[in-house]
Amino acid sequence: MAMAAAMDPGEQHTRFIEWAQSNGVEINGIAPAQFKDRGMGIVAATDIKQGDRIVHVRNTSLITVAHQGIQTLKFPTKTSIHARLAAYLALQYAKDDCQHRPWQDVWPSQDEFKDILPLHWSKQLQDLLPHAATGNESLIARCALTSDTRDGNLLTQCTQRSNLERDHLSIHAIRPSISRDLFTYVWLIVNTRTFYWEYPDLPNAHPRLPKKRLQLTADDCYAMCPFMDYFNHSDKGCDPKADAKGYSVTADRTYKAGEEVYVSYGSHTNDFLLVEYGFILDTNGCDSLPLDHLILSQLSSEQVQVLKEDGFYKSYTLSPTSPTICHRTQAVVRLLTLPSRRYTAFVSGTDEGAGDQGKVNEYVIALLVKYERQIMEIMDEVEGLRTGADVTTGQHNTLLRRWKQVQAIVKTGINVLSS
């Protein structure tokens, strides 16, 4: 593997490392580094063997809602965990003597977030995001094969924006001194830099648990984890592990000094990564495209009801790897193209539907061919954007790269289904 083009990150990061090591973070054989055009990450400072523990963050170094500083703020019960963490960080951020100041000093700046996160992009750019990433209906309508149905997937950016608005309103009601700009910034810090933490260090009935143990959801299990947030994501990387003593990362393979070391945030598409974290991967084995905006507009109200009753309504996907079209897509296309008994036999599992596959593939190919034409029109529009105050070069390049990836997935789908 090629060595990462890494540079010395500077004095602030050196100070943070010293602070982290004195505050319960064990660092072995790795170091933060600045990458050209990519921000910060982690490189191997020495040769590393598979299975070596390269980071351990003590449980008492984490910031969770069980943290004493957050407990003393006595947030209302209905305040989300995300909002509580953001409000705490905002209140700390304004203090000159904040104990986390060396950590805060190495976070991405507000200007960096405005450049990379679509939440901050101009409406012109947001309108041109792929369907899975945008909450704007103009693009949904353009990509639907008929314009009379606007129903689609739960859209990432729309959800993100509504969650931010909800959390800001809840905190403003009890802490009006926190400005909207600062709250948005720290809310995004939490959104981009937290890890999953089930409070394994606390007994089941501990009063600092946000809920009873069996009632905990993913939204209850946010943890800010100093130093761990340096790691960049890859679909194949080290897998962070948590136990009662804290968070650890062990090497998933051998690394030569100078190689970048990644962790995996999970199985995420590039649209999700763009909206949530502000980047896309050149190679992502977990990438896929939603097909809801192409298929839902083809359904009658009676067909929608059938799909809802059978549990096959929405969440249709196209993948660049096998299976090209998911089982749910197989089902809905059978309902659209075949006698109802053939659809029923497929969803009930009494017939795998091999005899009907050719007709199913033909239908999906026709959808994808029309979508490919629309993609080309959108790419022409993106290429024609002028960079300036409202459109930075980085935003333009990222958007165009993503549409080229979308086009490639669609082309692959057409080719595979045609063979």
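See the structure printed just above.
Calculation notes
- Residues numbered from 1 in each chain as written.
- Predicted model: local features only at pLDDT ≥ 70, side-chain atom pairs only at ≥ 80, totals over all residues.
- Heavy atoms only, no water.
- Axes fitted to C-alpha atoms, helices over the stretch in contact; angles between N-to-C directions.
- Helix = DSSP H or I, 4+ residues; strand = E, 2+ residues; numbered from the N terminus.
- Left-handed = near helix turned anticlockwise from the far one by under 90°.
- Contact = heavy atoms within 4.5 Å.
- Nonpolar A, V, L, I, M, F, W, Y, C, P; charged D, E, K, R; others polar.
- Disulfide = S-S within 2.5 Å.
- Buried < 20%, exposed > 50% of the residue type's maximum accessible area, 1.4 Å probe, protein only.
- Core = buried A, V, L, I, M, F, W, Y, C linked by side-chain atoms within 4.5 Å.
- Phe/Tyr/Trp six-rings, centres within 6.5 Å; stacked < 30°, edge-to-face > 60°.
- Lys NZ or Arg CZ within 6 Å of the ring centre and 35° of its normal.
- Salt bridge = Lys/Arg side-chain N within 4 Å of Asp/Glu carboxyl O.
- Polar contact = N/O pair within 3.5 Å; in protein donor to acceptor, adjacent residues only side chain to side chain.

1. Looking at the packing of helix H12 (residues 301-310) against helix H13 (residues 327-337)
For any two helices packed against each other, the geometry comes down to the angle between their axes and how far apart the axes lie. Close contact between H12 and H13 brings their axes to 11 Å; oriented N to C, the two are set at 145°. In this structure, the crossing between H12 and H13 has a hand that is right-handed. Between H12 and H13, the residues in contact are Gln-303, Val-306 and Leu-307 and Val-332, Leu-335 and Leu-336, respectively. A per-class count over the contact of H12 with H13 returns five nonpolar, one polar and no charged.

2. Remarks on the state of the cysteines
Following the criterion strictly, the structure yields zero disulfides and no others. Sulfur of Cys-238: no disulfide; nearest cysteine sulfur belongs to Cys-225 and is 14 Å away. Assessed through its relative accessible area of 0%, Cys-238 is described here as buried.

3. Examining the nonpolar core
Counting 68 residues, the largest nonpolar core has Ile-30 and Phe-227 as its most contacted members. Phe-227 has contacts with Phe-16, Ile-17, Val-25, Ile-27, Ile-30, Pro-32, Ile-42 and Val-55, leaving out every residue within four places of it along the chain. Counting residues in hydrophobic clusters, the runner-up holds 48 residues, among them Phe-312, Phe-346, Leu-368 and Leu-417.

4. Some points on the packing of aromatic side chains
Where two aromatic rings form a pair, the distance of their centres and the angle of their planes describe that pair. Tallying each qualifying case throughout the model produces twelve aromatic pairs. Summarising the aromatic geometry, the rings of Phe-113 and Tyr-185 are spaced 5.8 Å apart at their centres and angled 55° between planes, so their arrangement reads as tilted. Linking Phe-113 in helix H5 (residues 110-116) with Tyr-185 in helix H9 (residues 180-193), this pair joins segments that are 72 residues apart in sequence. Its end group placed over the ring of Tyr-255, Arg-253 keeps NZ or CZ at 3.9 Å from the ring centre. Between the NZ or CZ atom of Arg-334 and the centre of the ring of Phe-346, over which it lies, the distance is 4.2 Å.

5. Focus: the pattern of salt bridges
Applying the stated rule across the entire model yields 15 salt bridges. The partner of Arg-166 in a salt bridge is Asp-167, and the shortest N-O contact between them spans 2.9 Å. The class of Asp-167 is buried, set by a relative accessible area of 1%. As a salt-bridge pair, Arg-402 and Asp-271 come within 2.9 Å of each other at their nearest N and O atoms. Note that Arg-402 is positioned in helix H16 (residues 393-418) and Asp-271 in helix H10 (residues 270-277), a separation of 131 residues in sequence. Note on accessibility: Arg-402 and Asp-271 belong to one class, buried. One connected set of salt bridges, linked through shared partners, spans Asp-271, Asp-287 and Arg-402.

6. Digging into the environment of Arg-342
By secondary structure assignment, the location of Arg-342 is in helix H14 (residues 340-348). Counting along the chain gives ten residues from Arg-342 to Glu-352, while the straight-line C-alpha distance between them is 10.0 Å. In this view, Arg-342 contacts Asp-351 and Asp-356; residues no more than four positions away in its chain are not counted. A polar contact of 2.7 Å, which involves the side chain of Arg-342, links it to the side chain of Asp-351.

7. Details of the environment of Ala-257
Along the chain, the position of Ala-257 falls in the loop between strand S10 (246-250) and strand S11 (262-263). Overall, Ala-257 belongs to the partly exposed group, its relative accessible area being 36%. Along the primary structure Ala-257 and Gly-29 are separated by 228 residues, whereas in three dimensions their C-alpha atoms are 8.7 Å apart.

These values are about where atoms sit, not about what they do.
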